[in-house]
Amino acid sequence: MNNKLSVIGVPMDLGQNRRGVDMGPSAIRYAGVIERLERLKYDVQDLGDIEISRPNRKEVELEDKLRNLKEVTDGNEKLARAVAEVVEKDRFPLVLGGDHSIAIGTIAGVANHYDNLGVIWYDAHGDLNSSETSPTGNIHGMPLAVNLGIGHERLTNILEYQPKIKPENVIIIGARSLDEGERELIKEKGITVYTMHEIDRIGMSEVIDQSIQYFNGRVDGVHLSLDLDGLDPSDAPGVGTPVIGGLSYRESHLAMEMLAEADIITSAEFVEVNPILDEKNKTATIAVGLMASLFGEKLK
């Protein structure tokens, strides 16, 4: 793995309607992510936070059925340019969220430098909605669809190209809450999904083994987009959309350790840490632990 890391915080809470997730990057830094990665002998550069403009109105309005479309688009444009610059400098972009709408910008900035970017979407949700299928208008439920070129053109055209990724290069791990429109899109596009049912049956080690084998020879880079609500709320309570019956802390560490051993991850983001909903910064601390495992930390 690239030993030069550039950390970018994105205090975005506009892709949904619960305040607090904008403090996620600060909570993760407070939990010691920079120091932990430096102890692993990485050259860590903290680029600070992307500036996110807030809506200039008291009442939240839906534009084209999407909440805070302008501000989410603007923030992701800034993020995409920042991430692209990191990749151009041959450094590993590590993005701290913020709600999951920031994956629109992260992947836009990364995918421009790859011919066939693979994506591991570690999440309780598919995030495959659009304005036509979303029950809420929350853009944090749409970033994977946007990166596939599905959705509002202001989102899909960030950095002026689309699609960013191909459906056959996506693997969703941990899904247990999918809307009907998302289920139909998964079938239509043939997206690989390991639901909790499959993970319970074959085990996390087999899921990661199969994922690594699937990507081998198919992609020229792999982006990890890890939503902390992929974990069970008993382990990661500080998330905005918790879904019981999720992945355990240990299963998630195993997944990160196996990805580290395979040395296939070329960029990553950790999102949806909401310290207001958390218990003594537990979820941010878990996020840091998972990052450490992804970057090669071992017990011996």
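Residues numbered from 1 in each chain as written. Predicted model: local features only at pLDDT ≥ 70, side-chain atom pairs only at ≥ 80, totals over all residues. Heavy atoms only, no water.

Further remarks concern the overall build of the chain. Counting secondary structure elements, the chain contains 11 helices and 10 strands. Taking 300 residues into account, the globule formula puts the C-alpha radius of gyration at 19 Å, and the chain, at 17 Å, falls close to it. If you line up the chain on its principal axes, its C-alpha atoms span 55 × 40 × 40 Å. Residues classed as buried in the chain amount to 59% of the 300 residues present. By sequence separation, contacts in the chain at least 24 residues apart represent 76% of the contacts at least 6 residues apart. About 12,500 Å² of surface is accessible on the chain, with carbon and sulfur atoms providing 45% of the total. Considering the chain, the positive charge centre built from 31 side chains and the negative charge centre built from 49 side chains are found 3 Å apart. (Helix = DSSP H or I, 4+ residues; strand = E, 2+ residues; numbered from the N terminus. Rg over C-alpha atoms; globule rule 2.2 N^0.38 Å. Buried < 20%, exposed > 50% of the residue type's maximum accessible area, 1.4 Å probe, protein only. Contact = heavy atoms within 4.5 Å. Areas by Shrake-Rupley, 256 points an atom, 1.4 Å probe, with all protein chains shown as cover. Lys, Arg positive; Asp, Glu negative; His and termini not counted. Charge placed at Lys NZ, Arg CZ, Asp CG, Glu CD.)

Following the UniProt record, one finds the feature "binding site: Mn(2+)" (unreviewed entry) at His100, Asp123, His125, Asp127, Asp227 and Asp229. For the annotated residues, spread through 130 residues, the largest C-alpha to C-alpha distance comes to 12.2 Å, consistent with a single compact locus. Within this annotated set, the largest pocket is lined by His100, His125, Asp127, Asp227 and Asp229. Relative to the elements of secondary structure, aspartate 123 occurs in the loop between β6 (117-122) and α5 (143-147). Beyond its immediate chain neighbours, meaning those up to four positions away, aspartate 123 contacts His100, Ile173, Gly174, Ala175, Asp227, Asp229 and Gly230. A polar side-chain atom of aspartate 123 sits 3.1 Å from a polar atom in the side chain of histidine 100. Position of histidine 125 relative to the elements: it lies in the loop between β6 and α5. Excluding residues that lie within four positions of it along the chain, histidine 125 makes contacts with Ile172, Ser177, Leu178, Asp229, Thr241 and Val243. (UniProt positions renumbered as here; feature names shortened; annotations may be inferred. 1 Å grid on protein atoms, 1.4 Å probe; cavity = no way out; pocket = protein on both sides within 12 Å on 5 of 7 lines; lining within 4 Å. Polar contact = N/O pair within 3.5 Å; in protein donor to acceptor, adjacent residues only side chain to side chain.)

Negative phi is the rule for most residues except glycine; trans is the rule for most peptide bonds. In this structure, glycine 98 follows glycine 97 across a cis peptide bond, with omega equal to 20 degrees. With respect to the secondary-structure elements, glycine 98 resides in the loop between β5 (92-97) and α4 (103-111). Glutamine 162 connects to proline 163 through a cis peptide bond whose omega is -10 degrees. Here proline 163 lies in the loop between α6 (153-156) and β7 (170-175). One non-glycine residue, aspartate 64, lies in the positive phi region at around 55 degrees. Even without being glycine, glutamate 272 reaches a positive phi, approximately 70 degrees. With respect to the helices and strands, glutamate 272 occurs in the loop between β10 (265-271) and α11 (282-294).

This part covers helix α9 (residues 204-215). Along its 12 residues, α9 runs 17 Å from first to last C-alpha, staying within 8% of the 16 Å computed at 1.5 Å per residue. Where α9 is buried, its residues touch β6, β7, β8 (192-195), α8 (196-202), β9 (221-227) and α10 (249-262). (Expected span 1.5 Å × (residues − 1).)

Their axes nearest at 9 Å, the elements α9 and α10 cross at an angle of 30 degrees. Judged by the angle between their axes, α9 and α10 are roughly parallel. In terms of crossing hand, the pair formed by α9 and α10 is right-handed. On α10, the residues touching Met204, Ser205, Ile208, Asp209 and Ile212 of α9 are Glu251, Leu254, Ala255, Met258, Leu259 and Ala262. Grouping the amino acids of the contact of α9 with α10 by side-chain chemistry returns 8 nonpolar, 1 polar and 2 charged. (Axes fitted to C-alpha atoms, helices over the stretch in contact; angles between N-to-C directions. Parallel < 35°, antiparallel > 145°, perpendicular 65-115°, else oblique. Left-handed = near helix turned anticlockwise from the far one by under 90°. Nonpolar A, V, L, I, M, F, W, Y, C, P; charged D, E, K, R; others polar.)

A separate point is the packing of aromatic side chains. Given two aromatic rings, their pairing is described by the distance between the two centres and the angle made by the two planes. Tallying each qualifying case throughout the model produces 3 aromatic pairs. When the ring of tyrosine 42 is compared with that of phenylalanine 295, the centres are 5.4 Å apart and the planes differ by 80 degrees; the resulting orientation is edge-to-face. Of this pair, tyrosine 42 sits in the loop between α2 (33-39) and β2 (43-49) while phenylalanine 295 is found in the segment after α11, placing the two residues 253 residues apart along the sequence. Taken as a pair, tyrosine 42 and phenylalanine 295 share a single burial class, namely buried. Consider the rings of phenylalanine 92 and phenylalanine 295, whose centres lie 5.1 Å apart with planes at 75 degrees: the pair is edge-to-face. Of this pair, phenylalanine 92 sits in strand β5 while phenylalanine 295 sits in the segment after α11, and the two are 203 residues apart along the sequence. Linked through ring pairs, Tyr42, Phe92 and Phe295 together constitute an aromatic cluster. Above the face of the tyrosine 161 ring, lysine 164 is positioned so that its terminal group lies 4.6 Å from the ring centre. When the ring centre of tyrosine 214 is taken as origin, the NZ or CZ atom of arginine 218, which lies over that ring, is 3.9 Å away. (Phe/Tyr/Trp six-rings, centres within 6.5 Å; stacked < 30°, edge-to-face > 60°. Lys NZ or Arg CZ within 6 Å of the ring centre and 35° of its normal.)

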